Amino acid sequence: MSDDPNLIRVDGTDRVFRRSRILVVLLIPIAMALVAVSSINVALPTISHTLGATDSDLQWVLSGYALTFGITLVPAGRVGDVLGRGTFFVIGLLVFSLASLACGLAPTPEFLNISRLAQGIGAGLYNPQTMGMIQQYWRGMERAKAFGLFGTVVAVSVAVGPILAGVIIDTFGPEAGWRTTFLINFPLGLLGCILALCWFPFGKERVRRAARKTAKLARQARTAADGATAVVREKVDLDPVGATLLAVAVLCVMLPFMSDGGSLVWLLLAAGVGLLGLWILWERGYKARGRAPMVDLSLFAFPSFSNGTAVAGTFFLGSTSIFVVVALYLQNGLGASALETGLIGLPNAIVSAFAAIWAGRRALARGRTIVAGALGCVILGVVLSVGVVLLIEAFGISFWWLALTLTFAGVGQGALGSANQTLALENVPTAYGGTAGGVKSTAERIGTAVGNAMITAVFFGVVGAGSWSTAFAAAFGAVAVCLLISLMVALRDRRVTGDGPGAPAVPAV
């Protein structure tokens, strides 16, 4: 590390690296990955029309990406922690970029779905490296600011995705439009790979390369002395059994919520829970034998990490369905265009950005109070949105009033993402930064998959027997319940762990 807060020095090179450049390279691909999640909701109708995709095809366009994204995160975080985060960031971004190109050129729904699976793998490879490198190269308040920007990018990307897709489809037309939403990722991803190769320190890789060189020289010296050749390979423990067990368990948990395969598919959920239990036993036994488990379960002994992960998972259970329901209501119920549907979320995106920056600067001092207040803002936005929809049905007011009520949700989404990200990883050892980030992101992906399936099921179940406004109210009621659960977890977290590591001490009585 250097005395200048913007400069980094690593062993193995005289070069000086700039944190600001590293952060730019880290955050732009995060935005790309999350835009790929949220923008697809607006693009689905045009994909269906131009490719002749069935409802089942469209479901896999939506969920296949999330599925491979979710099962890749933790193993990718572990591999990056052990072998080098920079390398796997570049590999993942390259896979994501090539898969985006394939999505944009897809001639059939089947080809598009296979490309989306590959796109999710790429995103899952590079996402945990981002959190791991922020853990590695930033400290204290500078880390809080970096995670504040991370939270800003997350919140804005999720909100901007539908807007961007709507503008592109409206500008280029239905077929060229949805293809462009994918193709735009290709040149941006390649640029990100080039800048990463130029600007990343690759500190772990340099240390491992130096160690291999030293070991090689030692073997040569022994060979010269003994007159025999000894081949000694570097031992790298990646716990492949643990990685496989967790990946299959996450697959079994997520798949029932993403599939229309009938009642039997829900047996996978029970299998997934059983595999998670088996994985925990394996990891404990693996560590007891003196090996390095894929996830050191002692991470969950840090209340800040375990509680922060629970807050994130339950928050995503409800919050990521907000704009899915809004899009269904506006486009299918009121006949709004893709562009209008996207623009409804523009104020939400703007305030999310400012709220995330504001919260990031205060996370270490008042972070858990901010998290609880942020959840209250999102709940308020959800309740007010239901009120607007009921007024639309009763008095015919403009649906643009939703832009105002969703702004309250934007304040909460931005502030929570920034503050909770900082606090959840604050006490995690640097060596486990990528793995911990992968675990937290996996909880978020599972929450997203379960929430989308559950809340859209409520929406479609009610709309079949009632009106679009009633379905909207029922779905947003389910969202509010999920957010209340998250709020209870956040309040418990504040009670157990305090407001933040920088909070003023409470005088003894």
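Residues numbered from 1 in each chain as written. Predicted model: local features only at pLDDT ≥ 70, side-chain atom pairs only at ≥ 80, totals over all residues. Heavy atoms only, no water.

Q: Could you clarify how one ought to interpret the overall build of the protein chain in this entry?
A: If you tally the helices and strands in the protein chain, you get 18 helices and 2 strands. A compact globule built from 509 residues should have a C-alpha radius of gyration of about 23 Å, and the protein chain, at 23 Å, falls within 12% of that. With the C-alpha coordinates of the protein chain rotated into their principal frame, the extents come out at 90 × 70 × 45 Å. Burial analysis of the protein chain (509 residues in total) assigns 53% to the buried set. When the accessible surface of the protein chain is split by element, carbon and sulfur atoms take 68% of a total near 20900 Å². The protein chain carries 36 positive and 25 negative side-chain charges, and their two centres are separated by 10 Å. (Helix = DSSP H or I, 4+ residues; strand = E, 2+ residues; numbered from the N terminus. Rg over C-alpha atoms; globule rule 2.2 N^0.38 Å. Buried < 20%, exposed > 50% of the residue type's maximum accessible area, 1.4 Å probe, protein only. Areas by Shrake-Rupley, 256 points an atom, 1.4 Å probe, with all protein chains shown as cover. Lys, Arg positive; Asp, Glu negative; His and termini not counted. Charge placed at Lys NZ, Arg CZ, Asp CG, Glu CD.)

Q: Please explain the packing of helix 13 (residues 322–333) against helix 17 (residues 433–463) as it appears in this structure.
A: Think of two packed helices as two axes; the pair is described by the angle between the axes and how far apart they sit. In contact at an axis separation of 10 Å, helix 13 and helix 17 are set at 30° when each is read in the N-to-C sense. Viewed along their axes, helix 13 and helix 17 adopt a mutual orientation that is roughly parallel. Of the two possible hands of crossing, helix 13 and helix 17 adopt the one that is right-handed. Side by side, helix 13 and helix 17 meet where V324, V325, L328 and Y329 of the first sit next to N452, I455, T456, F459 and F460 of the second. Its residues placed into classes, the contact of helix 13 with helix 17 shows 7 nonpolar, 2 polar and no charged. (Axes fitted to C-alpha atoms, helices over the stretch in contact; angles between N-to-C directions. Parallel < 35°, antiparallel > 145°, perpendicular 65-115°, else oblique. Left-handed = near helix turned anticlockwise from the far one by under 90°. Contact = heavy atoms within 4.5 Å. Nonpolar A, V, L, I, M, F, W, Y, C, P; charged D, E, K, R; others polar.)

Q: Would you explain the packing of aromatic side chains in this entry?
A: Geometry of an aromatic ring pair is reported as the spacing of the ring centres plus the angle between the planes. Summed over the entire model, instances satisfying the criterion amount to 15 aromatic pairs. Three or more aromatic residues link up through ring pairs in this structure, and these residues are F89, F96, Y126, F200 and F202. Here the basic side chain of R289 rests over the ring of W282, its NZ or CZ set 5.2 Å away from the ring centre. The aromatic ring of F69 is capped on one face by R445, whose charged end is 5.2 Å from the ring centroid. (Phe/Tyr/Trp six-rings, centres within 6.5 Å; stacked < 30°, edge-to-face > 60°. Lys NZ or Arg CZ within 6 Å of the ring centre and 35° of its normal.)

Q: I keep staring at helix 15 (residues 346–395) and nothing clicks. Help me out?
A: Because each turn of an α-helix spans 3.6 residues, side chains separated by three or four positions in sequence point in the same direction. The terminal C-alpha atoms of helix 15 lie 25 Å apart, and with 50 residues this falls more than 12% below the ideal 74 Å at 1.5 Å per residue. A363 marks where helix 15 bends most, by close to 110°. Immediately beyond the C-terminal end of helix 15, within one or two residues, lies G396, with a positive phi of roughly 70°. (Expected span 1.5 Å × (residues − 1). Bend = angle between axes of the 7 residues up to and from the residue.)

Q: Teacher, can you tell me more about the pattern of salt bridges here?
A: Pairs may arise between side chains of opposite charge once their charged atoms sit close together. A full pass over the atoms with the stated rule returns 8 salt bridges. Notably, a salt bridge pairs R85 with D81, separated by 2.8 Å at the nearest N-O pair. By relative accessible area, which is 7% here, R85 ends up buried. Ionic pairing is found between K287 and D296, a salt bridge with its closest N-O pair at 3.0 Å. In this structure K287 comes out as partly exposed when scored by relative accessible area, which is 39%. Residue D296 is classed as buried on the basis of its relative accessible area, which comes to 7%. Among the charged side chains, a salt-bridge network with shared partners connects R366, R494 and D499. (Salt bridge = Lys/Arg side-chain N within 4 Å of Asp/Glu carboxyl O.)

Q: Sorry, what's going on with the packing of helix 1 (residues 19–38) against helix 4 (residues 85–104) here?
A: Two numbers describe how helix 1 lies on helix 4: the axes approach to 12 Å, and their chain directions differ by 35°. For the pair helix 1 and helix 4, the crossing hand works out as left-handed. Residues V25, L26, P29, M32, A33 and A36 of helix 1 lie in contact with helix 4, whose contacting residues are F89, L93 and F96. Among the residues making up the contact of helix 1 with helix 4, the classes are represented as 9 nonpolar, no polar and no charged.

Q: Please explain the nonpolar core as it appears in this structure.
A: A general tendency of soluble globular proteins is for nonpolar side chains to be buried together. Among the nonpolar cores identified, the biggest contains 56 residues, and F89, I134, F150 and F200 are the most heavily contacted of them. With 10 residues, the top contributor of residues to this core is helix 1. Setting aside residues up to four positions removed in sequence, F200 forms contacts with F17, I22, V25, L26, G86, F89, M133 and L195. By size, the runner-up hydrophobic cluster in this structure holds 49 residues, among which are A374, V378, V382 and A471. (Core = buried A, V, L, I, M, F, W, Y, C linked by side-chain atoms within 4.5 Å.)

Q: Is there a simple way to think about the environment of Q135 in this case?
A: Turning to its location among the elements, Q135 is positioned in helix 5 (residues 109–137). Here the alpha-carbon distance between Q135 and T422, two residues 287 residues apart in the chain, equals 9.7 Å. Setting aside residues no more than four positions away along its own chain, Q135 makes contact with R143, F147, L425, V428, T430 and G433.

Q: Could you clarify how one ought to interpret the environment of S39 in this entry?
A: Relative to the elements of secondary structure, S39 occurs in the loop between helix 1 and helix 2 (40–51). Under the relative-accessibility criterion, S39 is labelled buried at 9%. With 242 residues separating them along the chain, S39 and L281 place their C-alpha atoms 39 Å apart. The contacts of S39, once residues within four sequence positions are left out, are G161, P162 and A165.

Q: Mind showing me how you'd approach the side chain of T407 here?
A: Position of T407 relative to the elements: it lies in helix 16 (residues 401–424). A relative accessible area of 16% means that T407 is categorised as buried. If we ignore the near neighbours within four places in the chain, the residues touching T407 are P347, N348 and V351.

Q: Would you mind showing me how to read helix 2 here?
A: Turning to helix 2, its buried residues are I40, N41, V42, A43, L44, T46, I47 and L51. Once helix 2 finishes, G52 follows within two positions and takes phi at roughly 65°, a positive value.

Q: Help me understand a nonpolar patch on the surface in this model?
A: Residues L343, L346, I350, F354 and W400 make up a contiguous nonpolar surface patch of roughly 470 Å² in combined accessible area. Among the elements that line the nonpolar patch, the one with the most residues is helix 15, at 3 residues. (Patch = residues over 30% accessible without salt bridge, like charges linked within 9 Å, V, L, I, M, F, W, Y side chains within 5 Å.)

On their own, these measurements won't tell you what the molecule is for.
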